[in-house]
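Residues per chain, in single letters:
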Amino acid sequence: MLSIMDLCTPLSHEVLMLRAGDRVTLSGTVYTARDEAHLRMMEDGIPFDPHGAVIYHCGPVIQGQKVIAAGPTTSARLNSLSGFLLEKGVRALVGKGGMGRQVADQLKGRGVYLAFTGGCAALAASRMTLKGVFFEDLGMAEAVWVIELDRLPLVVGIDAAGNDIFEGVHRNAQAEFKKRFSQKKEAPA
Amino acid sequence: MIPSPDPALLAAITRATCEAFRQAEITLPPDVKQAILTAKEHETSDIARGELENILANLEMAGALSVPICQDTGVPVVYLTIPPHVPLNNGIYHAIAEGVRTASREIPLRPNVVDPLTRENTGDNTGAGMPAVHVRPGDRLTITVLPKGAGAENMSRIAMMLPSERGQIPKFVAETMLIAGGKPCPPVILGVGIGGTFDGAAALAKEALLEPIDTMTPYEKELLAAVNALGIGPMGVGGRTTALAVKVKAAGCHTASLPVAVNVQCWACRRATVEVPC
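Everything numeric in this text was worked out from a predicted model, so none of it was measured.

1. What to know about the overall build of chain A
Working step 1: Within chain A, the secondary structure is distributed over 5 helices and 9 strands.
Working step 2: Taken over the C-alpha atoms alone, chain A extends approximately 75 × 35 × 35 Å along its principal axes.
Working step 3: With 189 residues in all, chain A has 49% of them scored as buried.
Working step 4: Considering only contacts in chain A between residues 6 or more positions apart, those separated by 24 or more positions represent 65%.

Pasting the structure below:
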């Protein structure tokens, strides 16, 4: 059994040591951001210190000052919107489903993509404290919520060397599909 | 002239609809939970097992806190059976919609229903044709809900296959999952509708998701094996369980047609039935 590394924000060079497939926990501050928040930050600037920061792809359900449900959203929607964050010092992106080659290249030598289990909104919320909000005018799902995490269990999906577990799984699935369903012509007797 | 149902009955339908959503959103049916547990026991990859452990811990937490399992609380899909002595009219549809509004406010549910073109959110999970209500005659008045999240619904597919291609159905089903990858939050349940008409096959595929998953026919097991051979695994991280089950529903079709629909359901297969005494 591999030991699980406990990460704490702000993140630094320690993320460069992580390898795709490692299980980690994350504590400290994360900033939620989906499509609209990324577009706003590109336009108006990042409203928090991006050095060592963590972005969480999530549109939570918030009631009063409480996080009710906050599972991850599909990260691939943000594939073409994440480069500027990494250039400004963001060290980790958290979401579900992986992010593809472009982001894997942008993460090289800089940071990691951490996968959280899709649908686990209650588990996530039980380890969260709401600290603040930016861009609240974007609405509940799209605003940037500042959330304090207590040991959220994650998997390194893409490491800082460009290894991507989702890419490998997809390649294998394609090969298996081809093997199983390619048309086999019967040789004439 | 069709008599209007008794106002007390309509109020009971509203309450029952809300209660069915509360049950479905917070607690998974025992057969689905058991299938996730079994998948965890059979999983050989540490990463995949970790994903399934998170899912099981999440189910415990949702129950303990009485909050929805997932923040995507879905769009409201409702199946209604009504007994012979209850007249079906708009009052019943309105009562169900009112139950959806109450559930959205009280559980609470994320407001997900928007106009398809303006994308304006109605704020209460109702809208034109929403909730989607399907009615059947029955002995009792029952309300079954199937809140459907977008991540899995978006990966669903339909094909008008040729009658000569019926051997290709497993390929179409497996290909649906190959394209979907980790996006629909596997381990999934696949509802497969075969036959009927273009729209009928899709309706069958969704109804198949109402079936208990603790039994499968040999054909369903064959489809399941083809999907799980892909090795996509929980959340697309690789593993033995890509799908928990495949359920098939069939209907007669035109001799020149073979409609096949696959409705993808994430692991949060939320369904619940509440009976209304009448």
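2. Here's the deal with the packing of helix α1 (residues 7–26) of chain B against helix α4 (residues 90–106) of chain B
Each pair of packed helices can be summarised by the angle the axes make with each other and by the distance between the axes.
All names here are of chain B.
Working step 1: Close contact between α1 and α4 brings their axes to 7 Å; oriented N to C, the two are set at 45°. In terms of their interaxial angle, α1 and α4 are classed as oblique. Seen along the crossing, α1 lies across α4 with a hand that is right-handed. On the side of α1, the interface is formed by Leu-10, Ile-13, Thr-14, Thr-17, Cys-18, Phe-21 and Arg-22, while α4 contributes Gly-91, Ile-92, Ala-95, Ile-96, Glu-98, Gly-99, Val-100, Thr-102, Ala-103 and Glu-106.
Working step 2: Its residues assigned to classes, the contact of α1 with α4 comprises 9 nonpolar, 5 polar and 3 charged.

3. Regarding the domain arrangement of chain B
All names here are of chain B.
Working step 1: With domains assigned, chain B is organised as domain 1 (7–26 + 69–147) and domain 2 (150–265).
Working step 2: When each unit is reduced to the centre of its C-alpha atoms, the spacing between domain 1 and domain 2 is 26 Å.
Working step 3: On the domain 2 side, the residues contacting the 4 residues of domain 1 number 4 residues.

4. Overview of the interface of chain A and chain B
Working step 1: Counting residues at the interface gives 38 residues for chain A, matched by 40 residues for chain B.
Working step 2: Elements with a minimum of two residues in the side of chain A that touches chain B: β4 (61–63), β5 (66–69), α4 (121–125), β9 (144–158) and α5 (165–181) of chain A.
Working step 3: It is α5 of chain A that contributes the most residues to the side of chain A that touches chain B, 11 residues altogether.
Working step 4: Class assignment for the residues of the side of chain A that touches chain B results in 20 nonpolar, 14 polar and 4 charged.

5. Details of the environment of Lys-66 of chain A
Residues and elements named next belong to chain A.
Working step 1: Among the structural elements, Lys-66 can be located in strand β5.
Working step 2: With 12 C-beta atoms counted inside 10 Å, the residue Lys-66 sits in the exposed group.
Working step 3: For the pair Lys-66 and Ala-125, spaced 59 residues apart in the sequence, the C-alpha separation amounts to 8.7 Å.

6. Describing the sheet that holds strand β1 (residues 77–82) of chain B
Residue and element names in this part refer to chain B.
Working step 1: Across the sheet, which stays open at both edges, the 4 strands sit in the order β2-β1-β3-β8 with mixed pairing between neighbours. Edge positions in the sheet fall to β2 (132–137) and β8 (272–276), since each of these pairs with one other strand and no more. Neighbour-to-neighbour, the strand axes of the sheet open up by a mean angle of 20°, direction not taken into account.
Working step 2: Where β1 and β2 come together, 6 bridges link them in parallel fashion. Residue pairing for β2: Tyr-79 is matched across the bridge by His-134.
Working step 3: Sitting on the sheet, α1 is in contact with β1, β3 (141–145) and β8, with an inclination near 160° to β8.

7. Comments concerning the sheet that holds strand β6 (residues 243–251) of chain B
Residues and elements named next belong to chain B.
Working step 1: One open sheet holds the 4 strands; their spatial order is β4-β7-β5-β6, and the pairing between them is mixed. Single-partner strands in this sheet number two, and they are β4 (157–161) and β6. Each adjacent strand pair in this sheet contributes to an overall mean axis angle of 15°, direction not counted.
Working step 2: Where β4 lies against strand β7 (residues 258–265), 5 bridges are found, and the strand directions are antiparallel. Looking across to β7, one finds that Met-160 is bridged to Pro-259.
Working step 3: Of the strands in this sheet, β4, β5 (188–195), β6 and β7 touch helix α6 (residues 169–180), which is tilted by about 35° from β7.

8. Overview of the pairing of β7 of chain B
Working step 1: In terms of burial, β7 of chain B is largely enclosed, as 8 of its 8 residues are buried.
Working step 2: Burial of the side chains of β7 of chain B extends over both faces: Leu-258, Val-260, Val-262 and Val-264 of chain B are buried on one face and Pro-259, Ala-261, Asn-263 and Gln-265 of chain B on the other.

9. Points about the nonpolar core
Buried together is how nonpolar side chains tend to be arranged in soluble globular proteins.
Working step 1: Core analysis: the biggest nonpolar cluster contains 145 residues, and Leu-114 of chain A together with Val-227 of chain B have the highest contact counts within it.
Working step 2: Top contributing element to this core by residue count: β9 of chain A, with 9 residues.
Working step 3: Here this core spans two domains, since at least three of its residues come from each of domain 1 (7–26 + 69–147) and domain 2 (150–265) of chain B.
Working step 4: The contact partners of Leu-114 of chain A, leaving out residues within four places of it in the chain, are Val-24, Leu-26, Ala-92, Val-94, Leu-154, Val-155, Val-156 and Gly-157 of chain A.

So, how was this worked out
- Residues numbered from 1 in each chain as written.
- Chains lettered and ligands numbered in written order.
- Predicted model: local features only at pLDDT ≥ 70, side-chain atom pairs only at ≥ 80, totals over all residues.
- Helix = DSSP H or I, 4+ residues; strand = E, 2+ residues; numbered from the N terminus.
- Buried ≥ 20, exposed ≤ 12 C-beta atoms within 10 Å, placed from the backbone.
- Contact = placed C-beta atoms within 7 Å.
- Axes fitted to C-alpha atoms, helices over the stretch in contact; angles between N-to-C directions.
- Parallel < 35°, antiparallel > 145°, perpendicular 65-115°, else oblique.
- Left-handed = near helix turned anticlockwise from the far one by under 90°.
- Nonpolar A, V, L, I, M, F, W, Y, C, P; charged D, E, K, R; others polar.
- Domains from an automatic or database assignment.
- Pairing = 2+ DSSP bridges.
- Core = buried A, V, L, I, M, F, W, Y, C linked by C-beta atoms within 7 Å.

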